[in-house]
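Reading the structure
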Amino acid sequence: MSTTKTIQSALISVFSKEGLEPIVRQLNSQNVTIYSTGGTEDFIKNLGISVIPVEDVTSYPSILGGRVKTLHPKVFGGILNRQDNESDVQQMKEFDIPQIDLVIVDLYPFEKTVASGASEADIIEKIDIGGISLIRAAAKNFKDTVIVSSMEQYSLFLETITKQNGATTLEDRKLFATKAFHVSSHYDGAIFNYFNTDETIYKESIADGQVLRYGENPHQKGYFFGDFDAMFKKVHGKELSYNNLLDVDAAVNLIHEFKTDGPTFAILKHNNACGLASRPTIHEAYVAALACDPTSAFGGVLISNTKIDVATAQEINSLFCEVVIAPTYDDEALTILQEKKNRIILIQNELDLPQKQVRTCLNGLLIQERNNITDTKEDLKTVTNTAPTEQEIKDLIFASKICKNTKSNTIVFAKNGTLIASGTGQTSRVDALMQAVEKAKNFGFDLQGASMASDAFFPFPDCVALAKEAGITAVIQPGGSIKDELSINYCNENNLAMVFTGTRHFKH
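My aim in this report is to walk through the structure given alongside it, one point at a time.

Rules behind the numbers
- Residues numbered from 1 in each chain as written.
- Predicted model: local features only at pLDDT ≥ 70, side-chain atom pairs only at ≥ 80, totals over all residues.
- Heavy atoms only, no water.
- Axes fitted to C-alpha atoms, helices over the stretch in contact; angles between N-to-C directions.
- Helix = DSSP H or I, 4+ residues; strand = E, 2+ residues; numbered from the N terminus.
- Parallel < 35°, antiparallel > 145°, perpendicular 65-115°, else oblique.
- Contact = heavy atoms within 4.5 Å.
- Nonpolar A, V, L, I, M, F, W, Y, C, P; charged D, E, K, R; others polar.
- Polar contact = N/O pair within 3.5 Å; in protein donor to acceptor, adjacent residues only side chain to side chain.
- Pairing = 2+ DSSP bridges.
- Phe/Tyr/Trp six-rings, centres within 6.5 Å; stacked < 30°, edge-to-face > 60°.
- Buried < 20%, exposed > 50% of the residue type's maximum accessible area, 1.4 Å probe, protein only.
- Lys NZ or Arg CZ within 6 Å of the ring centre and 35° of its normal.
- Salt bridge = Lys/Arg side-chain N within 4 Å of Asp/Glu carboxyl O.
- Disulfide = S-S within 2.5 Å.
- Arc of directions from axis to C-beta.
- Right-handed = clockwise from strand over helix to strand, strands pointing away.

It is the contact of helix H18 (residues 429-442) with helix H19 (residues 462-470), at a shortest axis distance of 9 Å, that shows an interaxial angle of 10°. Looking at the two axes, H18 sits roughly parallel to H19. Of the residues in H19, those in contact with Arg429, Val430, Leu433, Met434 and Val437 of H18 are Asp462, Cys463, Leu466, Ala467 and Ala470. Per-class residue counts for the contact of H18 with H19 are eight nonpolar, no polar and two charged.

Quick look at helix H5 (residues 86-94) now. You can read the cap of H5 off the contacts: a side-chain oxygen lies 3.0 Å from the backbone nitrogen of Ser87, and it is on Asn85. In the segment just after H5, Asp96 is the residue with positive phi, at about 55°.

Another aspect to go through is the environment of Gly479. As for its position among the elements, Gly479 is in the loop between strand E22 (474-477) and helix H20 (484-493). Taking C-alpha positions, Gly479 is 9.9 Å from Asp455, a pair spaced 24 residues apart along the chain. Beyond its immediate sequence surroundings of up to four residues, Gly479 is in contact with Phe457, Asp484 and Phe500.

This brings us to the sheet that holds E22. Strands pair in a sheet through their backbones, by hydrogen bonds, and they do so in one of two ways: parallel or antiparallel. A sheet is described by the order of its strands in space; here six strands give the open sequence E18-E23-E22-E21-E19-E20, paired in mixed fashion. Across the chains shown, the open sheet's two edge strands, defined by having one partner strand only, are strand E18 (381-382) and strand E20 (419-423). Against the sheet, helix H17 (residues 390-404) engages strand E19 (411-414), E20, strand E21 (451-454), E22 and strand E23 (497-500), with an angle of about 35° to E21.

We now examine the packing of aromatic side chains. One pass over the full model with this rule turns up 11 aromatic pairs. Pairing Phe224 with Phe228 gives two aromatic rings, centres 6.4 Å apart and planes at 90°, and the pair type is edge-to-face. When its relative accessible area of 23% is taken as the criterion, Phe224 is described as partly exposed. Centre to centre, the rings of Phe228 and Phe232 are 4.9 Å apart; their planes meet at 35°, and the pair counts as tilted. The pair formed by Phe228 and Phe232 is uniform in burial state, with each residue classed as buried. Across from the ring centre of Phe192, 5.4 Å away, lies the NZ or CZ of Lys203, which sits over that ring.

What the rule picks out here adds up to 13 salt bridges. Linking Lys404 and Glu257 is a salt bridge whose minimum nitrogen-to-oxygen distance equals 2.8 Å. Taken as a pair, Lys404 in helix H17 and Glu257 in the loop between helix H12 (242-256) and strand E11 (264-269) lie far apart in primary sequence, 147 residues in all. Across the pair Asp261 and Lys401 runs a salt bridge whose closest N-O atoms are separated by 2.9 Å. Linking Asp261 in the loop between H12 and E11 with Lys401 in helix H17, this pair joins segments that are 140 residues apart in sequence. What makes Asp261 partly exposed here is its relative accessible area of 31%.

Before going further, it helps to spend a moment on the state of the cysteines. Scanning the model with the defined rule gives zero disulfides in all. Here Cys321 is not disulfide-linked; the sulfur of Cys274 is the nearest cysteine sulfur, at 11 Å. The exposure class of Cys321 is buried, given its relative accessible area of 4%.

If you trace the six strands from one edge of the open sheet to the other, you get E10-E15-E14-E13-E11-E12, paired in mixed fashion. Where the open sheet ends on each side, the last strands, each with one partner, are strand E10 (232-236) and strand E12 (272-278). This sheet shows a mean twist of 20° between the axes of neighbouring strands, independent of strand direction. Examined bridge by bridge, E11 and strand E13 (residues 300-304) share four bridges and lie antiparallel to one another. Bridge pairing links Phe265 to Ser304 in E13. The sheet strands contacting H12 are E10, E11, E12, E13, strand E14 (321-326) and strand E15 (344-348), and the helix crosses E11 at an angle near 150°.

Following the sequence through the fold, His72 ends up in the loop between helix H3 (54-58) and helix H4 (73-80). A relative accessible area of 18% places His72 in the buried class. Reaching out from His72, the side chain makes a polar contact with the backbone nitrogen of Lys74 at a distance of 3.0 Å. Filtering out sequence-adjacent residues up to four positions away, His72 remains in contact with Thr58 and Tyr60.

Let us look at the packing of helix H9 (residues 154-163) against helix H10 (residues 170-195). It is at 12 Å that the axes of H9 and H10 come closest, and there the two elements cross at 170°. The orientation of H9 relative to H10 falls into the category roughly antiparallel. Between H9 and H10, the contacting residues are Leu156, Phe157 and Thr160 on the first element and Asp172, Leu175, Phe176 and Lys179 on the second. For the contact of H9 with H10, the residue count by class is four nonpolar, one polar and two charged.

Restricting attention to buried positions, one finds in helix H1 (residues 21-29) the residues Ile23, Val24, Gln26 and Leu27. Buried residues along H1 cover an arc of 165° about the axis, so they all sit on one side. Where H1 is buried, its residues touch strand E2 (9-14), strand E3 (33-36), helix H2 (38-46), strand E5 (102-106) and H9. Asn31 lies just past H1 and shows a positive phi near 60°.

In terms of burial, E13 is largely enclosed, as five of its five residues are buried. Here E13 shows two buried faces, one formed by Gly300, Leu302 and Ser304 and the other by Val301 and Ile303. Summarising the sheet, E13 and E14 pair through four bridges and their orientation is parallel. Across the sheet, the residue bridging to Val301 is Val323, located in E14. Considered for its hand, the β-α-β crossover made up of E13, helix H15 (residues 310-316) and E14 is right-handed.

Written out as structure tokens, the structure reads:
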């Protein structure tokens with residue numbers, strides 16, 4: 001038996017009619033019998049095309065306020081019958097069930113209704129029952145039935161039946177069935193997540209994925225699942241790579257800490273800040289950020305918390321960088337930045353960041369809440385005889401924000417709203433501190449009067465001793481070690497100011 005089948009009958013029941021007209025007209029030109037109900041039936045009639053009401057097949061009207069329209073053996077029998085099964089063929093004749101070769105469905109917009117802030121009653125009414133049942137039935141019987149399960153598939157289906165004169169191959173039908181089960185599983189997942197209050201159960205379905213050039217390394221495949229366009233408008237440059245996306249993620253999270261601050265510019269490399277500064281203008285902030293570590297800035301990701309102007313764009317244009325991100329740009333600034341054809345330029349949209357962080361671990365997943373605590377002046381508890389000055393308090397909070405977004409173990413030095421140096425991803429806090437000291441010296445920074453942040457407590461006074469020797473005058477750390485007094489005593493003996501926040505900021 002040939003696996004290519006010509007569509008002779010179709011059931012169409014959709015929520016959104018957008019894009020449906022060309023399909024209906026094409027089916028009509030191919031003499032396909034069309035069944036429909038409710039608003040879809042009216043839509044087809046208004047096109048001047050003949051349509052058979054489902055009620056004429058079932059002898060039942062749409063009931064319960066439209067909740068029950070297509071749920072009937074004469075409908076599902078027409079979809080689920082196996083055309084090569086003699087018993088099915090006989091029962092189709094016995095019960096006068098019409099054959100249905102094609103089902104087109106567009107489900108009630110459950111996710112959009114939830115996102116709109118609608119009432120629970122309205123949300124419940126947008127849980128599609130008949131549509132989801134039609135999808136599953138037609139997809140299960142893909143050997144004989146075609147299922148178009150979303151308006152996003154209309155163009156592909158129209159192209160298929162136009163090219164093949166109303167016929168579909170088994171491969172076509174299996175492809176549409178696969179898409180249908182994707183639609184139905186995603187839809188059910190969204191409904192479950194709306195109802196679910198058990199945090200030990202995790203279901204996530206992302207409808208659209210993007211194939212990347214490669215993964216972390218060229219020999220690895222890479223994919224991105226998410227709505228990138230909701231977060232950014234890409235105005236120029238090559239496609240983002242796996243590593244670009246990781247750096248962009250780190251940049252967005254870091255600059256979020258400075259969202260309500262004055263003009264602030266950050267430069268990141270391998271997910272860590274190598275330059276960051278706050279200044280009265282974004283041009284001054286960029287120049288100061290670049291001076292932190294111009295070597296690491298090469299090939300980095302740049303991000304601003306405010307509009308990038310012409311002067312800043314001119315400075316950036318002399319640096320090789322992978323990505324530039326800002327909430328907006330002067331028109332001339334964009335023109336300047338676009339001179340490098342591969343440079344990726346992104347406009348960051350106003351959007352809440354995800355409140356759950358997910359990563360693979362062993363044979364499963366680790367999930368945690370987002371770290372939403374940003375240390376503020378009100379959180380600081382001075383634990384030494386010497387209290388930090390107002391400028392030191394500003395620098396301590398500034399350094400703490402960077403520290404929170406830097407790979408542990410980390411130490412961050414800051415002075416006058418500028419990242420001076422950091423030690424990142426070290427196996428000991430002493431190593432991180434020594435790395436930061438060395439880096440500051442290499443780039444000619446004077447650490448005298450600088451402030452230091454640590455992502456976790458000091459179990460011994462060695463870190464504050466090394467910091468004092470380097471010129472640090474104020475320290476911020478969470479505290480909480482059983483040996484806190486050792487570090488406090490050293491600070492008191494050497495006129496260092498130290499504050500505790502009570503919040504650790506590990507980042508692994």
